[in-house]
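# Remarks on the overall topology
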Amino acid sequence: MRKLIHTAVVCGLVFYMTSFLSINETHAQVAVCGEVVYTMSGSPLQNGIVLIRKNKIEQVGLAAQVSIPGDYKVMSAKVVTPGLIDAHSVVGLSGIYNQAHDQDQLEKSSAIQPELRALDAYNPREKLVEWIRNLGVTTVHTGPAPGALASGQTIIVKTVGGTVNEALLDSIGMVAFTLGQTVGENFRSPGTRSKGVAMIRAEFVKAQDYALKRKAKDPDKRPTRDLELETLLRVLNGQVKALFTVNKATEIMSALRLAKEFKFDLVLDGAAEAYLAMNEIKAAGVPVIIHPTMVRTYGDTRNASFETAQQLEKAGIPIALQSGYEDYVPKTRVVLYEAAIAAANRLPYEKALGAITIDAARIIGVDKRVGSLEQGKDADVVLFDGDPFEYTTHVCGVIVNGSVVSETCK
Amino acid sequence: MIRQKLFTSVFFLLFALSAIALVSAQEKPYIFRGGTIYPIEGDSIRNGSLVVHHGKIIAVGNAESIAAPPGAVSFDVTGKVIMPGLVDTHSHIGGGDGADQSAALQPEIRILDAIDVRSDTFKKALAGGITTVNVMPGSGYLMSGQTAYLKLRRANSINDMLLCTDPITDICGGMKMANGTNSIRNAPFPGTRAKSAAMVRQLFVKAQDYRARVQAAGGNPEKLPKRELDMEALVQVLEGKRTVHFHTHRHDDILTVLRLSKEFGFRVVLHHVSEGWKIAKEIAEAGAPCSIIVLDSPGGKLEAVDIRYENGAILEKAGITVAYHTDDWITDSRLFLRSAALGVRAGMSRQKALEAVTLAGAKILGLDSRVGSLKPGKDADFVILSGHPLSVYAHVEETWIEGTKVFDRSNPEDRKYSVGGYEVFRGDAADDSDKEGAE
């Protein structure tokens, strides 16, 4: 308790001293004081401070050990976490209005088009990007919606920026694939699960063949560049991961079989029936970006369970959570809420936080930059006025790349 | 032949026994002691006692002030929370469908003729603590039919669930109407908002005329106009005996509803009311209660772009009766309490938010003399929770209806409906036609 008072006094005093000095300054220098700071790299700090300088985290430590320079803007909160990461979304491609002009999440002209880039469709000014940012989401792995065998390339963005370049963290996140009922609904072929897998296999074989021909000694015998096959080659060469949206156990097994045959890096997505294939997923060493915990229980996700996250975590399978894709309402889910329901359904508290911070960062390959509060990482921080998972708690501050982008409680 | 007779009589005997079991349910009084009780009417009670007998609430109060009735079965609920069974004023559970594509206005349709009482969606609702529900036909119609007010009792037929006595003679629900974009479609549906209102007005004018002819007959069967099912239902609406449940989102559409309600004098509940916060004053002046929804994010359709978490708080401050609804499958019945909690997050008072999933809903459905709060004389419909009703960590542990336990999370057969999993839900509750109808 004494420690708590100490922090409050230190933060309060510094705030008083600096509040009228730095009104018009950019907030490149910020000190965030938290009664609890979940750094996600080690135990939570009771009375911790995160110092931010420019766009990076300068120092993280206990209030007793960190001194706040006089010219820093001071912000205080009950709970402080890293900026939240949504491990799979369509935000920025599937817009709030749900009208033809703002629905860029799925191209239906052909079932296999991995060359499509989310980069060329992402709208950083989309209102739903702002919506999730105000609720603490600072990094999003976004791209095409599930529904085509190969629907395109995802990107990883920060939820700020006026252009895609300003938002970009990684221009090719993964290449997205889907197996399941939704593919059959969107295209005349494949009409069956077997056909879908056969079509993907044929395309990978084509890419292997293309690779050989591109290496021909005689330049005239080399085929012209093929963007589709180039993309698949990047998957085969291990440069880009394959994100397979698969919900039924049958489809999960198909994805694992494909990854084994073509030796690509697989990330399972959705995976509503993953609890039926945990041994196989674990043996393959494949991480799972689980469907939104509150996903509707019909169609491909009919057998979804609130406890899948807990079961996979317990089995030692790396997991992350996601907002996923909704074609109606809510037009975007909020990954914080999805983690909350997982936490309420036996996923250990810090694992639930991990699934939307550091563990998500690892699975989407950006953990050197984001996902935890550590010196040198991007200054993405969220301030809460209580337990982040409680419905009645507010997000009272969001910092992205060192800039305070929200200070009102949402 | 004899064998068949024997079989038949055994069957009838079983039937008679089960009927007796239904009537004499809960012969012994039950007392639930030690928990925190949210009676909704009145302050919360720490270390409270709830006594129920013959399906009714006998006493609610502090444990020390309430003695166990003789022969009472005692349940220790120390550390738990008891609140009234939740009332969901707008849901699509039960797998029923209402009007078909043949016309935009079909007041003669009854959803009670289409409900599957064995639907797993009812189990889902019980897992969420819902005990009373207004099951509605869809919103893709100006008037999609008569809704059904149900108790989620264990049921073999729809009669076991109804809150009315006789579905052939009684009014067993409200009337579902809609305006805005859902009901604007190709002919015979309206193509514009103005046409939508005109079609509704024309039908009500016709109903006024029918009603006048019935009144003129003065009870003389010779002079009565021939029975018209659609007109009969609308006369009930005109006479204020059947409440209109009106799906409406945009501020101008909401005002159209209030205008129609004023012109024809029908009792109306505004549903969804996404932009209600923009015209709270007008809604309050009209005295129309609101049944609202919370969505995790705005949008998904143009009419819902301006939906706000703050809607409940703003309507509450204007003095309007506010209930939440699930609109299941739009939101999940298992998480109905979450709607109230998100209302509190955005400024609603805790008291009114809890009322919004209980008593306010009961009032809106005209059932508050029976359900919605824990008050002696009311039905013994209640929920036992593991924690505070507005906490994400609180689970519905038991749901009771009229003194009978209808959901028990400690029983794996019930628990699966809380959690989901392999082959738990048939997943047929949301086909595309439902989708068009909902929200």
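### Overview of the overall build of chain A
Each helix and strand counted, chain A has 12 helices and 17 strands in total. In summary, chain A has a C-alpha radius of gyration of 22 Å against a globular reference of 22 Å for 410 residues, a match within 12%. Of all 410 residues assigned to chain A, the portion counted as buried reaches 55%.

### Considering the sheet that holds strand 3 (residues 56–62) of chain A
Residues and elements named next belong to chain A. Spatially, 3-2-1-4-15-16-17 is the arrangement adopted by the seven strands of the open sheet, whose pairing is mixed. Sheet topology places strand 3 and strand 17 (403–406) at the edges, where each strand pairs with a single neighbour. Neighbour-to-neighbour, the strand axes of the sheet open up by a mean angle of 35 degrees, direction not taken into account.

### What to know about the domain arrangement of chain A
All names here are of chain A. Assigned domains within chain A: domain 1 (2–82 + 373–406) and domain 2 (84–363). For domain 1 and domain 2, the distance between their C-alpha centres works out to 33 Å. Taken residue by residue, the interface counts 14 residues in domain 1 and 19 residues in domain 2. Mapped onto the side of domain 1 that touches domain 2, the elements with two or more residues apiece are strand 4 (73–82), strand 16 (395–400) and strand 17. Tallying contributions element by element places strand 16 first for the side of domain 1 that touches domain 2, with three residues. Of the residues in the side of domain 1 that touches domain 2, the class split is 10 nonpolar, three polar and one charged.

### With respect to the packing of helix 5 (residues 193–214) of chain A against helix 7 (residues 249–262) of chain A
Residues and elements named next belong to chain A. Running from N to C, helix 5 and helix 7 cross one another at 20 degrees; their axes reach a closest spacing of 11 Å. Relative to helix 7, helix 5 is oriented roughly parallel. Pair helix 5 / helix 7 crosses with right-handed handedness. Contact with helix 5, carried on its side by Arg 193, Val 197, Ile 200, Arg 201 and Phe 204, involves Thr 250, Glu 251, Ser 254, Leu 258 and Phe 262 of helix 7 and no other residues of that element. Classifying every residue of the contact of helix 5 with helix 7 by side-chain character gives five nonpolar, two polar and three charged.

### Looking at unusual backbone geometry
The peptide bond linking Val 329 of chain A to Pro 330 of chain A adopts the cis configuration, its omega dihedral lying at -10 degrees. Positive phi is not limited to glycine here, since Asn 47 of chain B has a value of about 50 degrees. One can find Asn 47 of chain B in strand 2 (residues 45–53). One non-glycine residue, Val 273 of chain B, lies in the positive phi region at around 50 degrees. Secondary-structure assignment places Val 273 of chain B in the loop between strand 12 (268–272) and helix 6 (280–286). For Val 273 of chain B, a count of 32 C-beta atoms within 10 Å translates into the label buried.

### Some remarks on the interface of chain A and chain B
Taken together, the contact between chain A and chain B spans 35 residues of the former and 34 residues of the latter. At the level of elements, helix 2 (127–134) and helix 10 (335–344) of chain A are the ones that each hand at least two residues to the side of chain A that touches chain B. Ranked by the residues each element gives to the side of chain A that touches chain B, the list is headed by helix 10 of chain A, at three residues. Here the residues of the side of chain A that touches chain B sort into 18 nonpolar, 10 polar and seven charged.

### Comments concerning the domain arrangement of chain B
Assigned domains of chain B: these are domain 1 (2–79) and domain 2 (85–372 + 422–437). Centre-to-centre, using C-alpha coordinates, domain 1 of chain B lies 31 Å away from domain 2 of chain B.

### Focus: the sheet that holds strand 6 (residues 86–91) of chain B
Residues and elements named next belong to chain B. Ordered by their spatial adjacency, three strands build an open sheet running 6-7-9, and the pairing between neighbours is mixed. On the outer flanks of this sheet lie strand 6 and strand 9 (148–151), each paired with one strand and no other. Taking the axes of each pair of neighbouring strands and ignoring which way they run, one obtains an average angle of 20 degrees across the sheet. Taken together, the four bridges between strand 6 and strand 7 (residues 130–135) define a ladder with parallel strand orientation. Residue Ser 91 lies in a different strand from strand 7, and its bridge partner there is Val 135.

The rules behind each value
- Residues numbered from 1 in each chain as written.
- Chains lettered and ligands numbered in written order.
- Predicted model: local features only at pLDDT ≥ 70, side-chain atom pairs only at ≥ 80, totals over all residues.
- Helix = DSSP H or I, 4+ residues; strand = E, 2+ residues; numbered from the N terminus.
- Rg over C-alpha atoms; globule rule 2.2 N^0.38 Å.
- Buried ≥ 20, exposed ≤ 12 C-beta atoms within 10 Å, placed from the backbone.
- Pairing = 2+ DSSP bridges.
- Axes fitted to C-alpha atoms, helices over the stretch in contact; angles between N-to-C directions.
- Domains from an automatic or database assignment.
- Contact = placed C-beta atoms within 7 Å.
- Nonpolar A, V, L, I, M, F, W, Y, C, P; charged D, E, K, R; others polar.
- Parallel < 35°, antiparallel > 145°, perpendicular 65-115°, else oblique.
- Left-handed = near helix turned anticlockwise from the far one by under 90°.

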